[in-house]
Amino acid sequence: VQLQASGGGLVQAGGSLRLSCAASGRTFSNTVMGWFRQAPGKEREFVAAIKWSGGSTRYADYVKGRFTISKNTAKSTVYLQMNSLVAEDTAVYYCAAGSGLIRTTMVRSSGYDYWGQGTQVTVSS
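Below is a summary of the structure that appears in this document. (Residues numbered from 1 in each chain as written. Predicted model: local features only at pLDDT ≥ 70, side-chain atom pairs only at ≥ 80, totals over all residues. Heavy atoms only, no water.)

### Overview of the overall build of the protein
Of regular secondary structure, the protein possesses zero helices and 11 strands. Start at the N end of the protein and walk to the C end: the helices and strands fall as β-β-β-β-β-β-β-β-β-β-β. Its C-alpha radius of gyration of 13 Å places the protein within 12% of the 14 Å reference for a compact globule of 125 residues. Projecting the C-alpha coordinates of the protein onto the three principal axes gives extents of approximately 40 × 30 × 25 Å. Burial statistics for the protein: of 125 residues in total, 42% are counted as buried. Within the protein, residue pairs in contact and separated by at least 24 positions form 56% of the contacts whose partners lie at least 6 positions apart. When the accessible surface of the protein is summed, it comes to about 6300 Å², and 47% of that surface belongs to carbon and sulfur atoms. (Helix = DSSP H or I, 4+ residues; strand = E, 2+ residues; numbered from the N terminus. Rg over C-alpha atoms; globule rule 2.2 N^0.38 Å. Buried < 20%, exposed > 50% of the residue type's maximum accessible area, 1.4 Å probe, protein only. Contact = heavy atoms within 4.5 Å. Areas by Shrake-Rupley, 256 points an atom, 1.4 Å probe, with all protein chains shown as cover.)

What follows is the structure in structure tokens.
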């Protein structure tokens, strides 16, 4: 599976961005697509995830209510709609794919087998 993330950029606080992650190669019904982010000097952290089959989602508490993860199966693409952005959201955002993940494991970066190249999101205050 190859992943290509895009859509990052510079936005003012309170603004919005939509990230895309295009997947190529074979995906399975138990595939989970996740978004993680990493700010300078910090560890990579979970943002959101969605199951390829069924579409159930999970969010980190710090983005719940502001970010929405969705998918377009026909386009093999996962999106992360980010609203009400704050300076603390500034990071490189990565999309990832894993198999057989459940709610307790989909929040761990170690559970994912494939990673995109990352896209920079910068929120100015």
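Still more ground to cover, so stick around.
### Structural notes on the state of the cysteines
Inspection of the entire model under this criterion finds one disulfide. Across the disulfide, cysteine 21 is cross-linked to cysteine 95 (sulfur-sulfur distance 2.2 Å). Linking cysteine 21 and cysteine 95, the disulfide has an S-S dihedral of approximately 65° and is accordingly described as right-handed. A residue pair is termed long-range when its members are at least 10 positions apart, and cysteine 21 in strand β3 (residues 17-24) and cysteine 95 in strand β9 (residues 91-99) qualify at 74 residues. We note that cysteine 21, like cysteine 95, is buried. (Disulfide = S-S within 2.5 Å.)

### Quick notes on the sheet that holds strand β8 (residues 77-82)
The strand order across the open sheet formed by four strands is β1-β3-β8-β7, and the pairing between neighbours is antiparallel. For this open sheet the edge positions go to β1 (2-6) and β7 (67-72), each flanked by a neighbour on one side alone. Going across the sheet, the axis of each strand differs from the next one's by a mean of 15°, ignoring polarity. Summarising the sheet, β3 and β8 pair through six bridges and their orientation is antiparallel. Across the sheet, residue serine 20 finds its bridge partner in β8, namely tyrosine 79. (Pairing = 2+ DSSP bridges. Axes fitted to C-alpha atoms, helices over the stretch in contact; angles between N-to-C directions.)

### Looking at the pairing of strand β11 (residues 119-124)
Every other side chain in a regular strand lies on the same face of the sheet, so the side chains alternate between the two faces. Only one face of β11 is covered, namely the one carrying Thr119, Val121 and Val123; the face carrying Gln120, Thr122 and Ser124 has none of its residues buried. Alignment of strand β2 (residues 9-12) against β11, held across four bridges, turns out to be parallel. Following the sheet pairing, glutamine 12 is matched in β11 by serine 124.

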